[in-house]
Amino acid sequence: MLKKLMMTAAIVLAAGAAGAETFEVKMLNKGDAGAMVFEPAYVKAQPGDVVKFIPTDKGHNVEDIDGMLPEGVEGFKTKFNEEFELTVEAEGVYGIKCTPHYAMGMVALIQVGEAVNLDDAAAVKQKGKAKARMADLIAQVE
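Residues numbered from 1 in each chain as written. Predicted model: local features only at pLDDT ≥ 70, side-chain atom pairs only at ≥ 80, totals over all residues. Heavy atoms only, no water.

**Examining the packing of aromatic side chains**
This model, assessed by the stated rule, comprises three aromatic pairs. Centroid distance Phe38 to Phe53: 5.8 Å. Interplanar angle 80°. Geometry classified as edge-to-face. Taken together, the residues span a long stretch of sequence, with Phe38 in strand 2 (residues 34–39) and Phe53 in strand 4 (residues 50–54) at a distance of 15 residues. When sorted by exposure, Phe38 lands in the same class as Phe53, which is buried. Residues Phe76 and Phe84 carry aromatic rings whose centres are separated by 5.3 Å and whose planes lie at 35° to one another, so their mutual orientation is tilted. Residue Phe76 shares its accessibility class with Phe84, and that shared class is buried. Aromatic ring contacts, followed pair by pair, group Phe38, Phe53, Phe76 and Phe84 into a single cluster. (Phe/Tyr/Trp six-rings, centres within 6.5 Å; stacked < 30°, edge-to-face > 60°. Helix = DSSP H or I, 4+ residues; strand = E, 2+ residues; numbered from the N terminus. Buried < 20%, exposed > 50% of the residue type's maximum accessible area, 1.4 Å probe, protein only.)

**Here we look at the nonpolar core**
Across soluble globular proteins, nonpolar side chains show a tendency to be buried alongside one another. Formed by 22 residues in total, the largest nonpolar core has its most connected members in Phe38, Phe53, Val62, Tyr94, Ile96 and Ile110. Within the residue set of this core, elements represented by two or more residues are strand 1 (22–31), strand 2, strand 3 (42–45), strand 4, strand 6 (84–87), strand 7 (92–97) and strand 8 (107–112). Once you skip the residues sitting within four places of it in the chain, Phe38 turns out to touch Val25, Lys26, Met27, Phe53, Asn61, Val62, Ile96, Lys97, Cys98, Met106, Val107 and Ala108. Core analysis: the next-biggest nonpolar cluster, separate from the first, contains 15 residues, Tyr42, Val93, Ala130 and Val141 among them. (Core = buried A, V, L, I, M, F, W, Y, C linked by side-chain atoms within 4.5 Å. Contact = heavy atoms within 4.5 Å.)

**A closer look at the sheet that holds strand 7**
Spatial strand order, 3-8-7-5: four strands in an open sheet with mixed pairing. The strands lining the two open edges of the sheet, one partner per strand, are strand 3 and strand 5 (63–64). The strands touched by helix 3 (residues 130–139) within the sheet are strand 3 and strand 8, with strand 8 carrying the most contacts at an inclination of about 20°. (Pairing = 2+ DSSP bridges. Axes fitted to C-alpha atoms, helices over the stretch in contact; angles between N-to-C directions.)

**Some remarks on the side chain of Glu63**
When you line up the elements, Glu63 lands in strand 5. There is no salt bridge for the buried Glu63, and the closest opposite charge comes from Lys77, which lies 4.2 Å off by N-O distance. There is a polar contact of 2.6 Å between the side chain of Glu63 and the side chain of Thr99. The residues touching Glu63, leaving out its near neighbours within four places in the chain, are Phe76, Lys77, Gly95, Ile96, Lys97 and Thr99. (Lys, Arg positive; Asp, Glu negative; His and termini not counted. Salt bridge = Lys/Arg side-chain N within 4 Å of Asp/Glu carboxyl O. Polar contact = N/O pair within 3.5 Å; in protein donor to acceptor, adjacent residues only side chain to side chain.)

Distances and angles like these do not, on their own, reveal function.
Structure representation (structure tokens):
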């Protein structure tokens, strides 16, 4: 009986993992939206999905924007020119920046399920060109 229960649990877990989606986000010096961009800059994901940041052009990193993570999610900051996989578990919006190009507008927004922290995230003051770009991204939240 225990063996059967464990096999059932393993199948359920495997099925859940198989349903997870991986989104690829490129870090670019120039993209469709202009200079210094994440592409795509807005991702709509579900809990358990993976967002993979790819340093297509050199000199970029991935860092959370202070005050723009769902409650309980630990902040992160990568080294330059490193691929980074973020498994999103908590519902809400995740504000992302490239540290050296933040004021130039290099920001991204990940929505995971319901945007439970949208008001708090939208209230965060952005720098330079990031202000307009983030406002455009927040306008896409469903």
